[in-house]
Amino acid sequence: MSEGEIFGILGSNGAGKTTTVECLQGLRSSDAGLLRVLGRPPGDGALRQLVGSQLQDAALPERIRVKEALDLFAGPNAVDRSELMEAWGLSNHRKKAFGDLSGGLRQRLFIALALLNRPEVVFFDEITQGLDPVARREVWDVIREVQHQGATVVLVTHFMEEAQVLCDRLVVFDQGSIVAAGTPDQIIDAHGDRSVIDFTPTGQTAASFDSCRGVRSIEVHDGRMVIEGSAQMVAYVCCALVADGTSPT
Amino acid sequence: MRLVQTELKLVMREPVVLTFVFAFPVITVLVLGNVFDADDTAFEGVVPAQWYVAAYIGVVIAAIGLIMLPVHIAGYRHQGVTRRFRVSLFPHWALPLAHVIIGMVVAVLGIAVLLIAGGVAYGLPAIEDVPTTIAGLLLGTLAIISVGVALGSALPNARSAQGLGLMLFLPFFLLSGGGPPPEAMGDGMQTISNWIPLTHVIRAVQEPWLDIGDPGNHFVVVIGILVAATAAWLWLAFRTES
């Protein structure tokens, strides 16, 4: 992972995403291989100052209040807690017990805790799970903001859309192994659904569609042109045909 | 210190603490103190009510070590609170150590309430050997609380901790001094009583306080429990899932 990027770990449930992240956070020991976070082995005490975590299966004590939780986990470099609560819409709930918070407010508190100590690396594990579409987009804005402030973000998700919108690079996990790596566009182009357009060209040549996004191959047989590529290729090729005066069928 | 303060507040918000640590021993000792005649000979020459007040210090400690702490800590593990702490700035040993400290603080409060209630109702006997009694109290409390932290760190959830805790608490409480006095027990029951750790904790406090025996052997057992339980919770605190 490179400094300052949003790095995605994508995969279906049970693919091994969270296990990998837990190894990076020092919560689990790895079976093999060498792991380093900011040049240090996971679990190194000094890393706790530098890493912020929002965990998928974590909770706070039911009776702890919002303000108490932020005070409890604040280190010497912590941001101003009042500002953090204000930024995350928690100010009006500062005296509420964790057990009385809604799912959305709990998630906000976990994000606030992850950012509390000005981390250099932030792990977000299924951060938008259980959020409504509006809240999800708000969280996306926050993740971008975290990146703009200079932190490296590791985003674990099973939503391709989320990874596509947010991640600079990502890896795709399946059964504990990386099956694809690259930018979202590269992965979609290489592994997205295969789409084919088969039509009779009206004067167009293969060169007319070479530059269309998502095109992988163009073949011409018996007066028909067959273009193969990703799902988004269909939209680009159809736009080119329409612009050229042809109505594709 | 901040962790201890916060955890103490959270523990004191648990209804089970108020019931088992503060109310149960006081109510039971007040009832039992009135059951026996003051000159009953089964209490090693001590007034029964005063014998029970000394014994019920152990019951307060057992309520903390066998019920309060295991339920609290196992609940933390099951809910994912412990995981949250493991990625925080606190070192791995901080949370269990905080639980040992709050166990000690709650024990001091619970014992104070018991002694005030017992003292008002029956009068407190003079402490015959103050340093040994205090040493027995400190080591015994620390030992049972460490057992509680180790149990809570090992058990999967609050429900299992509550089940095991009650299963241990009832025989511990009945056979180690909170029920019939040793002289009223048959040989079999006395043998079982001698195998119960809480018996040695209570005797390590009772004997030097009331001058009814030499607590040396009980101290050896209590220190053994303390070392084993501390080693267990430390090991559990640093283990990592694979």
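Residues numbered from 1 in each chain as written. Chains lettered and ligands numbered in written order. Predicted model: local features only at pLDDT ≥ 70, side-chain atom pairs only at ≥ 80, totals over all residues. Heavy atoms only, no water.

Participant: So what's going on with the overall build of chain A? Residues and values would help.
Facilitator: A tally of helices and strands in chain A yields nine helices and nine strands. In summary, chain A has a C-alpha radius of gyration of 23 Å against a globular reference of 18 Å for 249 residues, an excess of more than 25%. Counting only C-alpha atoms and orienting by the principal axes, one finds that chain A spans roughly 75 × 45 × 30 Å. Pairs at least 24 apart in sequence give 62% of the contacts found in chain A among residues at least 6 apart. For chain A, the distance from the average position of its 23 positive side-chain charges to the average position of its 33 negative side-chain charges is 9 Å. (Helix = DSSP H or I, 4+ residues; strand = E, 2+ residues; numbered from the N terminus. Rg over C-alpha atoms; globule rule 2.2 N^0.38 Å. Contact = heavy atoms within 4.5 Å. Lys, Arg positive; Asp, Glu negative; His and termini not counted. Charge placed at Lys NZ, Arg CZ, Asp CG, Glu CD.)

Participant: Describe the domain arrangement of chain A, and please don't skip the residues or the numbers.
Facilitator: All names here are of chain A. In terms of domain boundaries, chain A breaks down into domain 1 (6–189) and domain 2 (192–243). Counting residues at the interface gives four residues for domain 1 and six residues for domain 2. For the pairing of domain 1 and domain 2, the buried interface totals around 380 Å² over both sides, and the portion due to carbon and sulfur atoms is 26%. Its largest share of buried area at the contact with domain 2, domain 1 owes to D185, I188 and D189, together 93% of the area lost on that side. Across the contact surface, domain 1 and domain 2 share one salt bridge. Taking the shortest distance from any N to any O, the salt bridge between D185 and R213 comes out at 2.4 Å. Where domain 1 touches domain 2, the interface holds one residue pair in polar contact (both at pLDDT 80 or more). (Domains from an automatic or database assignment. Buried area = accessible area lost by both parts, 1.4 Å probe. Salt bridge = Lys/Arg side-chain N within 4 Å of Asp/Glu carboxyl O. Polar contact = N/O pair within 3.5 Å; in protein donor to acceptor, adjacent residues only side chain to side chain.)

Participant: I'd like a description of the layout of surface pockets, backed by residues and values.
Facilitator: Residue and element names in this part refer to chain B. Taken as a whole, the largest pocket encloses approximately 560 Å³ of empty space. Lining of the largest pocket is provided by 28 residues; of these, R77, T82, R83, R86 and R239 occupy positions nearest its centre. Where the lining of the largest pocket is concerned, the elements lending two or more residues are α3 (48–79), α4 (81–86), α5 (94–122), α6 (130–154) and α10 (216–238). Here the element with the most residues in the lining of the largest pocket is α3; it accounts for five residues. When its residues are assigned to classes, the lining of the largest pocket shows 14 nonpolar, eight polar and six charged. (1 Å grid on protein atoms, 1.4 Å probe; cavity = no way out; pocket = protein on both sides within 12 Å on 5 of 7 lines; lining within 4 Å. Points joined across faces, edges and corners; volume = space filled by probe spheres on them. Nonpolar A, V, L, I, M, F, W, Y, C, P; charged D, E, K, R; others polar.)

Participant: Any details on the interface of chain A and chain B? Residues and values, ideally.
Facilitator: Facing the 28 residues of chain A at the interface are 25 residues of chain B. Taken together, both faces of the contact between chain A and chain B bury some 2600 Å²; the carbon and sulfur share is 55%. Of all residues in chain A, the largest losses of buried area upon contact with chain B belong to R48(A), R63(A) and L72(A), amounting jointly to 28% of the total for that side. Taken together, the links from chain A to chain B amount to three salt bridges. Note that K9(B) and E68(A) form a salt bridge whose closest N and O atoms lie 3.5 Å from each other. Between the two partners, chain A and chain B, sit eleven residue pairs in polar contact (both at pLDDT 80 or more). Those elements that place two or more of their residues in the side of chain A that touches chain B are α2 (47–50) and α3 (66–73) of chain A. With four residues, the single largest contributor to the side of chain A that touches chain B is α3(A).

Participant: Explain the packing of aromatic side chains residue by residue, including any values.
Facilitator: Residues and elements named next belong to chain B. This structure, assessed with the given rule, holds eleven aromatic pairs over all chains. Measuring from centroid to centroid gives 6.1 Å for Y52 and Y56, while their planes differ by 70°, and the two rings are edge-to-face. Taken as a pair, Y52 and Y56 lie in helix α3 at a separation of four residues, close to a single helical turn. Residue Y52 shares its accessibility class with Y56, and that shared class is buried. Ring geometry for F169 versus F173: centroids 5.7 Å apart, planes at 15°, classification stacked. Taken as a pair, F169 and F173 lie in helix α7 (residues 158–178) at a separation of four residues, close to a single helical turn. Of the two residues examined, F169 and F173, each falls in the buried class. Taken together, F24, W51, Y52, Y56, F169 and F173 form an aromatic cluster joined through their ring pairs. (Phe/Tyr/Trp six-rings, centres within 6.5 Å; stacked < 30°, edge-to-face > 60°. Buried < 20%, exposed > 50% of the residue type's maximum accessible area, 1.4 Å probe, protein only.)

Participant: Describe a nonpolar patch on the surface, listing the residues and the values that go with them.
Facilitator: Residues and elements named next belong to chain B. Residues W93, L97, I101, V105, L109, L234 and F238 make up a contiguous nonpolar surface patch of about 550 Å² in total accessible area. Every element with two or more residues in the nonpolar patch is listed here: α5 and α10. Among the elements that line the nonpolar patch, the one with the most residues is α5, at four residues. Locating L234 in the fold gives a position in helix α10. Residue class for L234 comes out partly exposed when judged on its relative accessible area of 33%. (Patch = residues over 30% accessible without salt bridge, like charges linked within 9 Å, V, L, I, M, F, W, Y side chains within 5 Å. Areas by Shrake-Rupley, 256 points an atom, 1.4 Å probe, with all protein chains shown as cover.)

Participant: Account for the sheet that holds strand β8 (residues 215–221) of chain A, naming residues and giving values.
Facilitator: Residue and element names in this part refer to chain A. Here we have three strands laid out as an open sheet, ordered β7-β9-β8, and antiparallel in their pairing. The sheet terminates laterally at β7 (195–199) and β8, the two strands that pair on one side only. On average, each strand axis in the sheet is tilted by 15° relative to the strand beside it, whichever way the strands run. Pairing of β7 with strand β9 (residues 224–229) involves five bridges; the strand directions are antiparallel. Bridging from a neighbouring strand, S195 pairs with G229 of β9. Where helix α9 (residues 231–243) meets the sheet, its contacts fall on β7, β8 and β9, and the angle it forms with β7 comes to roughly 25°. (Pairing = 2+ DSSP bridges. Axes fitted to C-alpha atoms, helices over the stretch in contact; angles between N-to-C directions.)

Participant: Describe α9(A), with residues and values.
Facilitator: Every α-helical turn comprises 3.6 residues, leaving residues that sit three or four positions apart pointing alike. All names here are of chain A. Within α9 the residues assigned to the buried category are M233, V237 and L241. Angular distribution of buried residues about the axis of α9 spans 65°; they occupy a single face of the element. Facing away from the buried side of α9 by more than 90 degrees, the exposed set consists of C239, V242 and A243. For α9, the secondary structure elements touched by its buried residues are β7, β8 and β9. Positive backbone phi, approximately 90°, marks G245, located one or two places after α9. (Arc of directions from axis to C-beta.)

Participant: How would you summarise the sheet that holds strand β6 (residues 177–182) of chain A if you had to cite specific residues and measurements?
Facilitator: Residue and element names in this part refer to chain A. If you trace the six strands from one edge of the open sheet to the other, you get β2-β3-β4-β1-β5-β6, paired in mixed fashion. Strands with a single pairing partner mark the edges of an open sheet, and in this sheet they are β2 (51–54) and β6. Each strand axis lies, on average, 15° off the axis of its neighbour in the sheet, ignoring direction. Looking at chain direction, β2 and strand β3 (residues 121–125) are connected through four bridges and run parallel. When the sheet's bridge partners are listed, Q54 is paired in β3 with F124.

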